Amino acid sequence: MDWLPTSASTFAPQVDMILWMVTIISVVSCILVGFLLIYFVVKYKKKSDNDQTPAITHDSFLETLWTVIPTILCILIFIYGYVYYDKYTTPTKGAYEINVTAQRWSWSFAYPNGKKTFNELYVPLNKPIRLVMQSKDVLHSFFVPAFRVKQDVIGNRYTFINFTPTKEGVFDIYCTEYCGVSHSDMLAKVHVVSEIEYAKWESGESADVENAYADMAPDKIGEQLYTSKGCVACHSIDGANGVGPTWKALFGKEREFTDGSLEVADENYIKVSILYPVKPPQGKVVKGYAPVMPSYQGLLSDSEITAIIEYIKTLK
Amino acid sequence: MASSNPYKTYLNIWLLLMFLTFITVYVAQFDFGTLNVPIALLVASIKAGVVALYFMHLKYEDSMTWIFATYPLFLLFLLIAFSATDIFTRVAN
Amino acid sequence: MSHSHSFDKHYLEDGKGFKSWFFTHDHKRLGVMYLWAIGIFFVLAAIASFLIRFEHLSPGQTIVSAQTYNVLFTLHGAVMVFLFIVPGVAASFGNFLIPLMIGARDVIFPKLNLYSFWIYCAGSLILLLSLAAPVDTGWTFYTPYSIDTGTNVILVTFGVFVLGFSSILTGINFIVSMHKLRAPGLTWDRLPLFCWAAYATSLLQVLATPVVGITLLLLIGERYFGLGFFDPAKGGDPVLFQHFFWFYSHPAVYIMILPAMGIISEVIPVFSRKPIFGYKAIAYSSLAIALISFLVWGHHMFTSGQSKLINIIFSVITFAVAVPTAIKVFNWLWTMYKGSVELSTAMLYSLAFIFLFTIGGLTGLFLGALAADIHLHDTYFVVAHMHYVMIGGTVFGLFSAIHFWYPKMWGKMFDEFKAKIAFTLIFIGFNVVFFPQFILGTQGMPRRYFNYAPEFESLHQLSTYGTWILGVGFILMLYTLFKPVGVADSNPYRSVSLEWSMPSPPPTLNFEEIPTVTTSTYDYGTKVEQEA
Amino acid sequence: MQIMKFIKSLAYPSEMLPPIVEEESHFDPETEHSAAKLGMWLFLATELLLFGGLFAAYAIFRAKYPTMFAEGSASLDVVLGTVNTVILIFSSWTVAVAVSAIQENKIKLVQVMLWITIICAAIFGINKYFEYSYKLSNGITPGTDIFYSIYFAATGVHMLHVFIGMAVLGVILKKTYEGRYSKENFTAIEIGGLYWHLVDLIWIYLFPLLYLVG
Ligand code: HEA
Ligand code: HEA
Ligand code: CUA
Ligand SMILES: [Cu+2]
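Residues numbered from 1 in each chain as written. Chains lettered and ligands numbered in written order. Predicted model: local features only at pLDDT ≥ 70, side-chain atom pairs only at ≥ 80, totals over all residues. Heavy atoms only, no water.

It is worth spelling out the sheet that holds strand E1 (residues 96-103) of chain A at this point. Residues and elements named next belong to chain A. Here five strands make up an open sheet; going across it, the order is E3-E2-E1-E5-E8 and the pairing mixed. Two strands close off the open sheet at either side, each with one partner strand: strand E3 (116-118) and strand E8 (159-163). When the angles between neighbouring strand axes are averaged without regard to direction, this sheet yields 25 degrees. (Pairing = 2+ DSSP bridges. Helix = DSSP H or I, 4+ residues; strand = E, 2+ residues; numbered from the N terminus. Axes fitted to C-alpha atoms, helices over the stretch in contact; angles between N-to-C directions.)

Counting 387 residues, the largest nonpolar core has Trp107(A), Phe142(A), Phe93(C) and Ile354(C) as its most contacted members. In terms of residue count, the dominant contributor to this core is helix H10 (residues 238-272) of chain C (22 residues). Other than its neighbours up to four places away in sequence, Phe93(C) contacts Leu35(C), Ile98(C), Phe194(C), Leu398(C), Ala401(C), Ile402(C), Trp405(C) and Met409(C). Counting 24 residues, the second-largest nonpolar core is a separate cluster that includes Phe118(A), Ile308(A), Tyr311(A) and Leu315(A). (Core = buried A, V, L, I, M, F, W, Y, C linked by side-chain atoms within 4.5 Å. Buried < 20%, exposed > 50% of the residue type's maximum accessible area, 1.4 Å probe, protein only. Contact = heavy atoms within 4.5 Å.)

Its volume calculated, the second largest pocket comes out at about 1000 Å³. Asp185(A), Val232(A), Ala233(A), Cys234(A) and Asn451(C) are, among the 44 residues lining the second largest pocket, the residues nearest its centre. Broken down by secondary-structure element, the contributors of at least two residues to the lining of the second largest pocket are strand E9 (169-175), strand E10 (188-193) and helix H5 (218-228) of chain A together with helix H4 (66-85) of chain C. Of the residues in the lining of the second largest pocket, the class split is 22 nonpolar, 16 polar and six charged. Viewed by domain, the lining of the second largest pocket spans two of them, domain 1 (96-210) and domain 2 (218-314) of chain A, each represented by three or more residues. (1 Å grid on protein atoms, 1.4 Å probe; cavity = no way out; pocket = protein on both sides within 12 Å on 5 of 7 lines; lining within 4 Å. Points joined across faces, edges and corners; volume = space filled by probe spheres on them. Nonpolar A, V, L, I, M, F, W, Y, C, P; charged D, E, K, R; others polar. Domains from an automatic or database assignment.)

Let's shift gears to the pattern of salt bridges. Scanning all chains against the criterion turns up 25 salt bridges over all chains. The salt bridge partner of Arg104(A) is Asp148(C), with a shortest N-O separation of 3.1 Å. Of this pair, Arg104(A) sits in the loop between E1 and strand E2 (106-110) while Asp148(C) is found in helix H7 (residues 145-148), placing the two residues in two different chains. Of the residues examined, Arg104(A) reaches a relative accessible area of 17% and is grouped as buried. The network of salt bridges with common partners includes Lys46(A), Asp49(A), Glu342(C) and Arg494(C). (Salt bridge = Lys/Arg side-chain N within 4 Å of Asp/Glu carboxyl O.)

With that settled, consider the site of ligand 1. The immediate surroundings of ligand 1 are formed by 35 residues, with Tyr254(C), Asp373(C), His377(C), His385(C) and Arg447(C) found nearest. Residues near ligand 1 are shared among chains A and C, making this a multi-chain site. In the environment of ligand 1, an oxygen atom lies 3.2 Å from a nitrogen or oxygen atom belonging to the backbone of Gly368(C). Measuring from an oxygen atom of ligand 1, one finds a side-chain N or O atom of Asp373(C) at 2.6 Å. Elements supplying a minimum of two residues to the shell around ligand 1: helix H1 (11-43) and helix H2 (60-89) of chain A together with H10, helix H12 (308-335), helix H13 (345-368) and helix H15 (380-404) of chain C. The element that contributes the greatest number of residues to the shell around ligand 1 is H13(C), accounting for eight residues. (Near = heavy atom within 4 Å. Polar contact = N/O pair within 3.5 Å; in protein donor to acceptor, adjacent residues only side chain to side chain.)

The next thing to look at is the domain arrangement of chain B. Accessible area lost on assembly of the parts is the figure often given for the size of an interface. All names here are of chain B. Each assigned domain of chain B is listed with its residue range as follows: domain 1 (1-60) and domain 2 (62-93). For domain 1 and domain 2, the distance between their C-alpha centres works out to 23 Å. The interface of domain 1 with domain 2 comprises four residues on the first partner and four residues on the second. Looking only at domain 1, the three residues that lose the most surface to domain 2 are Leu-53, Leu-58 and Tyr-60, adding up to 95% of its buried area. (Buried area = accessible area lost by both parts, 1.4 Å probe.)

Another point: the pairing of strand E5 (residues 129-135) of chain A. All names here are of chain A. Of all seven residues making up E5, six are buried, and the element is well covered by its neighbours. In this sheet, E5 lies alongside E1 in parallel orientation, the contact comprising seven bridges. Looking at E5, one finds that Ile-98 is bridged to Leu-131. When E5 meets E8, the two strands line up antiparallel, connected through five bridges. Note that in E8 the partner of Leu-131 across the bridge is Ile-161.

All names here are of chain C. Taken together, the protein donors to the copper ion (ligand 4) comprise His-250 (ND1), His-299 (NE2) and His-300 (NE2), at separations of 1.9 to 2.1 Å. In the primary sequence, the donor residues of the copper ion (ligand 4) line up as H-x48-H-H. Taken as an interatomic distance, the gap from the copper ion (ligand 4) to the iron atom of ligand 1 is 4.5 Å. Here His-299 falls in the buried class, since its relative accessible area comes to 16%. (Donors = N, O, S within 2.8 Å, 3.2 Å for Na, K, Ca; no water.)

Of all five pairs of chains in contact, the one with the most contacts involves chains A and C. Without any contact between them, chain A and chain D keep their closest C-alpha atoms 14 Å apart.

So, about the environment of Gly393(C). Residues and elements named next belong to chain C. With respect to the element layout, Gly-393 can be found in helix H15. Owing to a relative accessible area of 0%, Gly-393 belongs among the buried residues under this scheme. When near neighbours in sequence (up to four residues on either side) are disregarded, Gly-393 contacts Ile-257, Ala-260, Phe-353 and Tyr-388.

Inspection of the secondary structure puts Asp237(C) in the loop between helix H9 (193-224) and H10. A distance of 3.1 Å separates the side chain of Asp237(C) from the side chain of Arg90(B), its partner in a polar contact. In contact with Asp237(C), not counting residues within four places along its chain, are Ile87(B), Arg90(B), Phe229(C), Phe230(C), Asp231(C), Phe61(D) and Lys64(D).

Of all residues in chain B, 94% attain a pLDDT of 70 or more, and the chain-wide mean is 83. Per-element confidence in chain B is highest for helix H3 (residues 63-88) of chain B, whose mean pLDDT is 89, and lowest for helix H1 (residues 6-27) of chain B, whose mean pLDDT is 85. (pLDDT = per-residue confidence, 0-100.)

What follows deals with the interface of chain A and chain C. Opposite the 82 residues of chain A that make contact, chain C presents 92 residues. A combined buried area of about 7500 Å² lies between chain A and chain C, and 66% of that area is made up of carbon and sulfur atoms. By the criterion of area lost to chain C, the three top residues of chain A are Trp66(A), Tyr85(A) and Tyr178(A), representing 11% of everything that side buries. Here chain A and chain C share four salt bridges between them. Across the salt bridge formed by Glu342(C) and Lys46(A), the nearest N and O atoms sit 3.1 Å from each other. Connecting chain A to chain C are 22 residue pairs in polar contact (both at pLDDT 80 or more). At the level of secondary structure, the elements contributing two or more residues to the side of chain A that touches chain C comprise H1, H2, strand E7 (149-153) and E9 of chain A. Of the residues belonging to the side of chain A that touches chain C, the class tally is 42 nonpolar, 22 polar and 18 charged.

Encoded structure:
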């Protein structure tokens, strides 16, 4: 197992270079300290209670030495840290801008051409990207280890990340600012694809998620959406109660709401629940739960919602 | 205390403070634009200084007390300066 | 001038029963009570950490639910920080030692000292009351999550607020004691380095704590009265909360480490039979650290959305504080040069401190470097860094103190051999727990994660196994300490500092006659090689 | 409650509670006096920094939302604020006189001055009560906007200090009737006075910042 994760952006090798540099400085310092420590302990081991020891209290040369060298090393480390940080924070003109919205506990992405994706970020290879990020609720943080980038996402204010991906593949996105129960499940993927494929994806020709489902049964698609769209963060399928009610045996069950009214969970009910979690007309919420589910309006297509409904039906 | 007649000093100080209070309130009617706050703070600081020096006898205290009385002001300045620097230099990077 | 019984009876015997302890003004008894209190909280928080580690034996749920996990690390962090390590060494050994070391009969405000202890108990109790609906915010209480969550944030933050007062009052007490009560002849440049460290610590406690006090008060106000400073929904700024929080909590990390450094500076000369090397450098660097450490808080916020300019400023100053710390390490090392080094248990802990703190401190340099912190922030690398400095540093320092002053405190000796075995287990266990976490962090494993990706499993497991070794070592250490083997004479280590010049344990009022100090505290060795 | 206790204990390091352990002071009075003063100044430093958080928030949000602050400030009652300022400064003066009077053993004067101070504090409180209830009845709460957040938080915390100061001075006043203080023993009065001056100092800043400049 390598101690550094895959390096897939222009920023990554720069960070790695600092990591290596400080590691070397640290290892050398530790060996020095460890060596002196053990050497002194062994060499000047106590022989008797009356050992004669000199009363050395200072030594200007040594003291200067161990003030100056660490100072120089510190300045060096700072400079590297600063220079690369400066590069990382300086946006490239004409970068491809993607809007990112974080909300408990999912990520959604909006592209310049109006496309929207959910928990899946698509970026073209070797093109400078700029993420414009905002949170709908508490703090979150956008972290892609393979790119070595991280930035908190805040409500009421935009924050930014600049990076240029250098390697095709699928990489993990983590949320690294603590945001509640499902903080560790606020995961997403970034797909770095070649520019040609990206163009195809943009125009909806290929590599599209929906097209990939073409020959799958709806309930299987629903099963995939359950994880890829982040429902898993709040809904279990095994009967355990999480932030939201379990989906097990949900279909056809009578639901009770906080205002005491009742309704049977049929297809339309589920669709309404997904699009308007606080269900109209009176803003109903399932009893025992807080109104925290985000609306998936515009994030799930009709066919996807149908697929999820089919999937929920299979959960007996 | 060091002053021969502290009561008299106190009275004078008190009159000075009343006068300064009057000044701040009076001056507040006029708008000096960006100078409003500095003026208010300046007058307040004179008042505070006088209270500390005479009413609180800081004038007669040793240097240690002076350090402990003024160092927090420096820290307060730091707190404000650094957090304000952050908040007002946040340009989109 | 005094009742003679205060001098013939030692402080442990002078008065029996609960009341004689709980209402005592004796700094030594208060020190001992603090030691008990922090010990109990340490074990409590350590049990939480065992569960945390156990949970990570496998990805997904192993033993507890996600919500419980979040509660566990919050409880672990908050108790360790606010109830254990911040009062920790300063309140326990500071209380016990400072009057002895400066040649005084007590601290300057003995009653206030007692109240500090009560306030500490009250604050701890309030904080623990929150367990009814335990808090899940992490020990940092970041807004707006802490405004939003349904758990008992108000109780916990109020508890911390109250604890803050205890910390402030103890700090004031120590500072004034050292100004007013030093024995004749005990000039500042003869003052033991532990006192210097405690002085610097107290300064930090007095000057940093009020800011976290008002911050937490405002946070309570946000929840209770709807104030809007830190809530973006109301036009407030969550990053401002972080500024206020770290304005205290960065200096707080030096509150944690400085007293432990003071201990190291006392132990090493005794077991090397040499004067401390670079007395002035160590003394002044403690003070320098105390003053500069107010300027670096922003290094916890490099990715918070803080402005670029201020990030750079904070990064520079962070490195500036690292240097005086580095200097101390070499000073301690060089104290052993040409000495007569005896590897007692206390010395072993001190030497381990030097080594582990070096690792912890050096990893701080990774975090201080801007570009590197972008990657490492909020990953297990930070978790490993802080445990190396807090355990490898402070806790090892505390253990060193417990063994070193054991004869003085209890008038008894412990079994050195068993203690050394316990040390070995703790040392190995500690490294097995936390070293893998550096690698985990660099690979991108985020902290405060209940669940994790399968590729991190083996390192997590290794880390968990380490806690078992650590636990066994710790229990063996406790066993050794609770089973004394013989009576201690007044100065078993032939130390020349003041606290060893009196019987073990010391009488209630310490000094029948206030001593006059004529030499430095580290008067070892023969003055042949003395440089000009 | 707790707060009361330690303020009190600061005011007289060795007079609180009946001593459980047999006790006599281990230090000479001269040391105790100067130590108590130094300790109090340190405590005042912490109080200053406590308010520091509020001043920092004020500075930042004022710069960020100037119009909100201008409007908010304009809505406050300058007359009431001025009256309170005059009252507090006056009471600061009376305390200063009390501290000097005790050093000349003029117990009566001390008592009169302390009474006046406490009454001033009470009037200050009553004024604030009217001010708050007027605001609240107009639907203005701490959550209305950031200006009012600052206004209520800062004046509220200050108010708390006024009450604590009142209590401290009250206890001291009571003890003057018990003949506890004299030319030789006046540390408590001096310390209590310092605390009261701090309450005044903070108000000297809060008043113009909140009520006047906008
Ligand atoms: C005892 C407590 C303690 C101490 C002493 C330190 C010491 C240091 N810390 Fe640490 N730190 C914490 C406790 C501590 N820290 C905690 C608890 C956190 C996390 C809080 C949270 O988020 O929950 C944290 C987090 C933290 C961060 C934020 C990380 C992040 O969240 O992204 C940073 C960043 O700069 C940092 C840096 C440093 C530095 C540079 C030092 C320096 O002072 C270290 C100096 C020491 C040395 C340098 C080693 C000795 C030197 C040598 C042997 C010589 C060789 C030297 C050179 C070549 C220079 N620390
Ligand atoms: C003084 C401070 C301190 C100390 C000593 C420790 C000690 C330990 N810590 Fe802690 N830790 C923190 C302060 C501290 N920690 C803080 C501030 C955080 C951040 C919290 C946050 O994110 O908000 C943290 C977070 C933290 C995490 C990260 C959680 C996460 O981010 O998800 C982990 C994970 O491994 C961990 C583990 C441990 C372990 C294994 C120990 C061990 O070293 C414990 C050692 C203990 C012993 C050796 C004693 C064992 C004794 C017993 C078990 C008693 C036996 C029982 C009976 C006889 C009844 N800690
Ligand atoms: Cu979102 Cu953590
Ligand atoms: Cu820090």
